[in-house]
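Structural overview
Residue strings, one per chain:
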Amino acid sequence: MTTDGRGYAFGSFNYSDRDGVTQGDRAFSAVSLDYNSATGTFTPFGSSTIRQGRWDRTLANLPTQAAVDTYFSAEDPGYVAGTAAPGDNYGFNPDGSLFDTDPLVNFTGDTNEPLQPVADPYSYNFAPPNFLELPLERKSFFGKAGFEINESLEVFTQVLWADYVVDQALAPTPATALYVRPDNPNVDPAVLALLQSRPTPDQPFSFRKRMIESGPRISNNNYSVTQITAGMLGEIAFLEGWNWDLSASVGNVNQTENQLGNVSRSAWYELALADDHGASLCGAAINPFGIGSISPECAAFYTKSATNETTVRQEIVDGYITGSLFEMPAGDVQVALGYLYKSDEYAFLPDARLTATVTDPVTNTERSDITGFNAQDTVRGRTISREVYGEAR
């Protein structure tokens, strides 16, 4: 406040820093569950895209029942013929052998792994890496000032600014619609024999995998927000009891999102469907069978980052006058007349990788190249509104 009381200025600055809390940090949320309404109980149930990798059924190219029974009888002496079916989906054990995910047959992995229940059907517990509370760092400022030029005129301004960073974390990318050649040198010979019982034995088999080798799936978001308002207000000298107010404001929001842990299907095909199975690109034939089986060099080849930009801009001009029009027995008739201009502009510019498509090498259908975070299209738009308003009471 100035010494003569005609002006004022004040402001505030705030800083906050919050750690994240994951679902795995809390016992009540550490395991993904499914509710059975018939029994009234919860049971562990997660994602069918598992860390071990999974041979997905292709209905037009299934192995024979005889070959399935021969395979599992050799793996498990207690196996009962017909328990596993040609149309089932098969995961990969640590030694490269197969297990049926539903019903659970021949699973030889770790049955005591914390936060990874082994249930029938087998699924991946995706809960632990997800954030319950997002980590946040925020800085913000607010300031306002005004000055009375004379008894009939005052000017003012206001500034708002904020900058904050917040991360979103999800379980590693569940990559689907991948393919592996049957002649990959890392395919177990007994598994190869099962693959060769299919009507088209040389066709690449459909594959999915929870890509822990690509690292965590992170969306890092940086926001910058500004708004500046300026205006003036006062009395209309030649109209007693009438006042006026005129202000204009400009606001901007800029968001930069950096994504980590996406998987490119086209890059995977380049590795897994090559004659050398990717050896010339990452030093050795890709080995997708098992937990953590893919080399860092191969994982780096198909793992992609992405950056999205979002901008929002708003412009407002607002002016109005108020006063008494005439007097009635019940009191003065008050009038307000005004004009409002408002412009809103929005632009979302996704990374080019997120808009790219790829042709499925087996079905010849088009699908998004990137799996991980959702593919997104460019969006732009602007609206302008002009309003004249009046009110009497």
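What comes next concerns the included structure. (Residues numbered from 1 in each chain as written. Predicted model: local features only at pLDDT ≥ 70, side-chain atom pairs only at ≥ 80, totals over all residues. Heavy atoms only, no water.)

1. Concerning the state of the cysteines
In total, this model carries 1 disulfide according to the counting rule given. A disulfide bridge connects Cys-282 with Cys-298, and the sulfur atoms are separated by 2.0 Å. Residues Cys-282 and Cys-298 share a disulfide whose torsion about the S-S bond is about 55°; that sign makes it right-handed. Residue Cys-282 is found in helix α4 (residues 279-282), and its partner Cys-298 is found in helix α5 (residues 296-302); the two are separated by 16 residues along the sequence. On the basis of relative accessibility, which here comes to 8%, the residue Cys-282 falls in the buried class. (Disulfide = S-S within 2.5 Å. Helix = DSSP H or I, 4+ residues; strand = E, 2+ residues; numbered from the N terminus. Buried < 20%, exposed > 50% of the residue type's maximum accessible area, 1.4 Å probe, protein only.)

2. Quick word on the side chain of Asn-106
One can find Asn-106 in the loop between β8 (104-105) and β9 (131-133). If near-sequence neighbours (up to four positions away) are discounted, Asn-106 is found in contact with Phe-72, Glu-75, Asp-76, Asn-93, Ser-97, Leu-98 and Phe-99. (Contact = heavy atoms within 4.5 Å.)

3. A word on the pattern of salt bridges
In this structure the tally under the stated criterion is 9 salt bridges. In this structure, Arg-51 engages Glu-113 in a salt bridge whose closest nitrogen and oxygen atoms are separated by 2.8 Å. Here Arg-51 is found in the loop between β4 (41-44) and β5 (54-55), whereas its partner Glu-113 is found in the loop between β8 and β9, with 62 residues between them in sequence. Of the charged contacts in the structure, one is a salt bridge between Asp-344 and Lys-342, with a shortest N-O distance of 2.5 Å. (Salt bridge = Lys/Arg side-chain N within 4 Å of Asp/Glu carboxyl O.)

4. Quick word on the packing of aromatic side chains
Summed over all chains, the structure comprises 19 aromatic pairs. Feature note: the residues Trp-55, Tyr-71, Phe-72, Tyr-79, Tyr-90, Phe-92, Phe-205, Phe-207, Trp-268, Phe-289 and Tyr-302 constitute an aromatic cluster, connected by ring pairs. Its end group placed over the ring of Phe-373, Arg-217 keeps NZ or CZ at 6.0 Å from the ring centre. Above the face of the Phe-301 ring, Lys-304 is positioned so that its terminal group lies 5.8 Å from the ring centre. (Phe/Tyr/Trp six-rings, centres within 6.5 Å; stacked < 30°, edge-to-face > 60°. Lys NZ or Arg CZ within 6 Å of the ring centre and 35° of its normal.)

5. Structural notes on helix α3 (residues 265-272)
The element α3 is largely enclosed, with a buried count of 6 among its 8 residues. Buried within α3 are the following residues: Arg-265, Ala-267, Trp-268, Tyr-269, Leu-271 and Ala-272.

6. Brief notes about empty space enclosed by the protein
Within this structure, the stated rule accounts for 2 cavities of 30 Å³ or more. A volume near 60 Å³ is recorded for the largest cavity. Contributing to the lining of the largest cavity are 13 residues, with Pro-44, Phe-45, Gln-116, Pro-117 and Ser-123 lying nearest its centre. Looking at side-chain class alone, the lining of the largest cavity contains 8 nonpolar, 5 polar and no charged residues. When its volume is computed, the second largest cavity comes out at roughly 30 Å³. What lines the second largest cavity is simply Trp-55, Asp-56, Arg-57, Thr-58, Asn-61, Leu-62, Pro-63, Pro-86, Asp-88 and Tyr-90. (1 Å grid on protein atoms, 1.4 Å probe; cavity = no way out; pocket = protein on both sides within 12 Å on 5 of 7 lines; lining within 4 Å. Points joined across faces, edges and corners; volume = space filled by probe spheres on them. Nonpolar A, V, L, I, M, F, W, Y, C, P; charged D, E, K, R; others polar.)

7. Notes on the nonpolar core
Counting 36 residues, the largest nonpolar core has Phe-72, Leu-98, Trp-268 and Tyr-302 as its most contacted members. When residues of this core are traced back to their parent elements, those giving at least two are α1 (65-75), β6 (90-92), β12 (174-180), α2 (189-195), β13 (205-210), α3 and α5. Counting residues per element, this core draws most heavily on α3, which supplies 5 residues. Core analysis: the next-biggest nonpolar cluster, separate from the first, contains 6 residues, Ile-50, Phe-99, Phe-107 and Tyr-122 among them. (Core = buried A, V, L, I, M, F, W, Y, C linked by side-chain atoms within 4.5 Å.)

8. Overview of α1
Residues of α1 that are buried: Ala-67, Val-68, Asp-69, Tyr-71 and Phe-72. Along its buried surface, α1 packs onto β6, β7 (98-101), β8 and α2.

9. Observations concerning the environment of Ser-266
Within the fold, Ser-266 resides in helix α3. With 36 residues separating them in the primary sequence, Ser-266 and Tyr-302 have C-alpha atoms 8.0 Å apart. When residues no more than four places from it in sequence are discounted, the contact partners of Ser-266 are Val-358 and Asp-369.

10. Focus on the layout of surface pockets
The volume enclosed by the largest pocket comes to roughly 190 Å³. Taken together, 13 residues form the lining of the largest pocket, with Ser-48, Arg-54, Thr-101, Asp-102 and Pro-121 sitting closest to its centre. Across the lining of the largest pocket, the residue classes break down as 3 nonpolar, 6 polar and 4 charged.

11. Quick word on the environment of Ala-175
By the element assignment, Ala-175 lies in strand β12. For Ala-175, a relative accessible area of 0% translates into the label buried. Each C-alpha atom of the pair Ala-175 and Tyr-320 lies 58 Å from the other, and the pair is 145 residues apart in sequence. Those residues within four positions of Ala-175 in sequence are excluded, and the remaining contacts are Thr-49, Phe-207, Arg-208, Lys-209, Met-211, Val-263 and Thr-371.

12. Details of the sheet that holds β5
Each strand in a sheet pairs with another by means of backbone hydrogen bonds, the pair being arranged parallel or else antiparallel. The antiparallel open sheet is built from 6 strands, whose spatial order is β8-β7-β6-β5-β13-β12. Each end of this open sheet is capped by a strand with a single partner; those strands are β8 and β12. Taken together, the 3 bridges between β6 and β7 define a ladder with antiparallel strand orientation. Considered in β7, the bridge of Phe-92 is made with Leu-98. Running over the sheet, α1 touches β6, β7 and β8 and is turned about 115° from β7. Across the face of the sheet, α3 comes into contact with β12 and β13 while running at roughly 30° to β12. (Pairing = 2+ DSSP bridges. Axes fitted to C-alpha atoms, helices over the stretch in contact; angles between N-to-C directions.)

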